[in-house]
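What the coordinates show
The chain contents come next:
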Amino acid sequence: MALVNRLQYLSPSLSSTDFRKPKSVNFHPICSLYYDSSSYSSSPFTEKHSFERYQRDEWLYTNQVEKITCCSFPPDSDSIRQDDIALQLPELKRLLQVLREKRESEGCGGGKCGPGNVFLVGTGPGDPELLTLKAVRVIQSADLLLYDRLVSNEVLDFVGPEGRLLYVGKTAGYHSRTQEEIHELLLSFAEAGATVVRLKGGDPLVFGRGGEEMDFLQQKGIQVKVIPGITAASGIAAELGIPLTHRGVANSVRFLTGHSRKGGADPLFVAENAADIDSTLVLYMGLSTFPSVSQKLIHHGLPPNTPAVAVERGTTPQQRTVFAELKDLAQRITSAELVSPTLIIVGKVVALSPLWPLSLKEASCLVEAS
């Protein structure tokens, strides 16, 4: 049953609850999830095993987690997601009821005041100082915030004391919620009059599925406002001193995805049409497919010695960078054991970075000779 259907049929006996953030957090282990205390502290991102994630979202589990006993076996991803939903649903219902009762007390019952607003907010590539002023203001005033895996913990620190956080992140092999469930959550809380913020890493309309959420909500009569963020390509390139376009070197830039939804364009097919020596290519979500993509680019005319770089966790203190020629980059990525999120930039402009391992003279010659 769709999540919105579950949320619509609320028991009238549910009473108002004070949903302010707790001043102190007592973390309770959840049987279906494991975390490595040595790993969460080294990553700025809110992964599914992140201890910080459960500190922030504990309000969803407080009344249910005592009923859970520790399991002796590791579950599959589907059971993790179902357990999350089962635990969270009662508290989501209660929060929804509180919001509706608040609206009624303000004379807005029966939809007299219309639905609340939904903001799609881009949080940039990781560095919280790259947030826009408008993004910070909206984050601080939200009733409910749905946040992705690539929203850094430092960004979440801007959430106001009355705001509620709900993790809806996705990673390979694990979706805490389906896209359809995210749509229904946004709709349900907006219809209750809440100010709902959808936090996305980078820019919400660049490989962020923001367009899908905007289209769904607008069809339901919900006003959607987009607050752009610095997309990873711009933020990380600037961090490395790489101009994505440069007169006489690159006259265009192209953003590619290393993954495609079922029925979408295959990354290898896209690569066939992207082998342009006068363009800069930026590959999002391309760690697993880059070996094949790089071979395809070379096969279709991109010189094997084209400068390239792979950047893990760009703009954060945990940033790791691997520079190499295109023909060698896949092997260098493997040797360095880079993990997601990693952005890959390919093009002559990479040699203009002061971090390019060749001397400035050699880099200049490489650009002039190409």
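Please refer to the structure higher up on the page.
Residues numbered from 1 in each chain as written. Predicted model: local features only at pLDDT ≥ 70, side-chain atom pairs only at ≥ 80, totals over all residues. Heavy atoms only, no water.

Remarks on the overall build of the chain
A tally of regular secondary structure across the chain gives 13 helices and 12 strands. Of all 370 residues assigned to the chain, the portion counted as buried reaches 48%. Restricting the contact set of the chain to residue pairs at least 6 apart, pairs at least 24 apart contribute 74%. Accessible surface, the chain: about 17,400 Å² in total, of which carbon and sulfur atoms supply 52%. (Helix = DSSP H or I, 4+ residues; strand = E, 2+ residues; numbered from the N terminus. Buried < 20%, exposed > 50% of the residue type's maximum accessible area, 1.4 Å probe, protein only. Contact = heavy atoms within 4.5 Å. Areas by Shrake-Rupley, 256 points an atom, 1.4 Å probe, with all protein chains shown as cover.)

Topic: the pattern of salt bridges
Considering all chains together, one arrives at 9 salt bridges under this definition. Across the salt bridge formed by Lys-348 and Asp-278, the nearest N and O atoms sit 3.6 Å from each other. Of this pair, Lys-348 sits in the loop between strand S12 (342-346) and helix H13 (360-369) while Asp-278 sits in the loop between helix H10 (267-272) and strand S9 (279-284), and the two are 70 residues apart along the sequence. Since its relative accessible area comes to 10%, Lys-348 is described here as buried. (Salt bridge = Lys/Arg side-chain N within 4 Å of Asp/Glu carboxyl O.)

Digging into the side chain of Thr-306
Within the secondary structure, Thr-306 sits in the loop between helix H11 (290-299) and strand S10 (307-312). Beyond its immediate chain neighbours, meaning those up to four positions away, Thr-306 contacts Ala-324, Glu-325, Leu-326, Val-346, Gly-347 and Lys-348.

Details of the environment of Pro-307
Mapped onto the fold, Pro-307 is located in strand S10. Classification of Pro-307 by relative accessible area gives buried; the value is 2%.

Notes on the packing of H11 against helix H12 (residues 326-336)
One can describe the packing of H11 onto H12 by two numbers: an axis separation of 9 Å at closest approach and a directional angle of 175°. Between H11 and H12, the crossing angle belongs to the class labelled roughly antiparallel. Here H11 contributes Phe-290, Pro-291, Ser-294, Leu-297 and Ile-298 to the contact with H12, which in turn contributes Leu-326, Lys-327, Leu-329, Ala-330 and Ile-333. The residue makeup of the contact of H11 with H12, split by class, is 8 nonpolar, 1 polar and 1 charged. (Axes fitted to C-alpha atoms, helices over the stretch in contact; angles between N-to-C directions. Parallel < 35°, antiparallel > 145°, perpendicular 65-115°, else oblique. Nonpolar A, V, L, I, M, F, W, Y, C, P; charged D, E, K, R; others polar.)

Looking at the pairing of S9
Where burial is concerned, most of S9 is hidden: 6 out of the 6 residues are buried. Residues of S9 alternate between two faces, with Ser-279, Leu-281 and Leu-283 on one and Thr-280, Val-282 and Tyr-284 on the opposite face, all of them buried. The pairing of strand S8 (residues 252-257) with S9 spans 6 bridges and is parallel. If you follow Ser-252 over to S9, its bridge partner there is Ser-279. (Pairing = 2+ DSSP bridges.)

Concerning the sheet that holds S10
Spatial strand order, S8-S9-S12-S10-S11: 5 strands in an open sheet with mixed pairing. Edge positions in the open sheet fall to S8 and strand S11 (320-325), since each of these has one partner strand only. Pairs of neighbouring strands in the sheet enclose a mean axial angle of 15°, with direction left out of account. With respect to the sheet, H12 is in contact with S10, S11 and S12, its orientation differing from that of S11 by roughly 150°.

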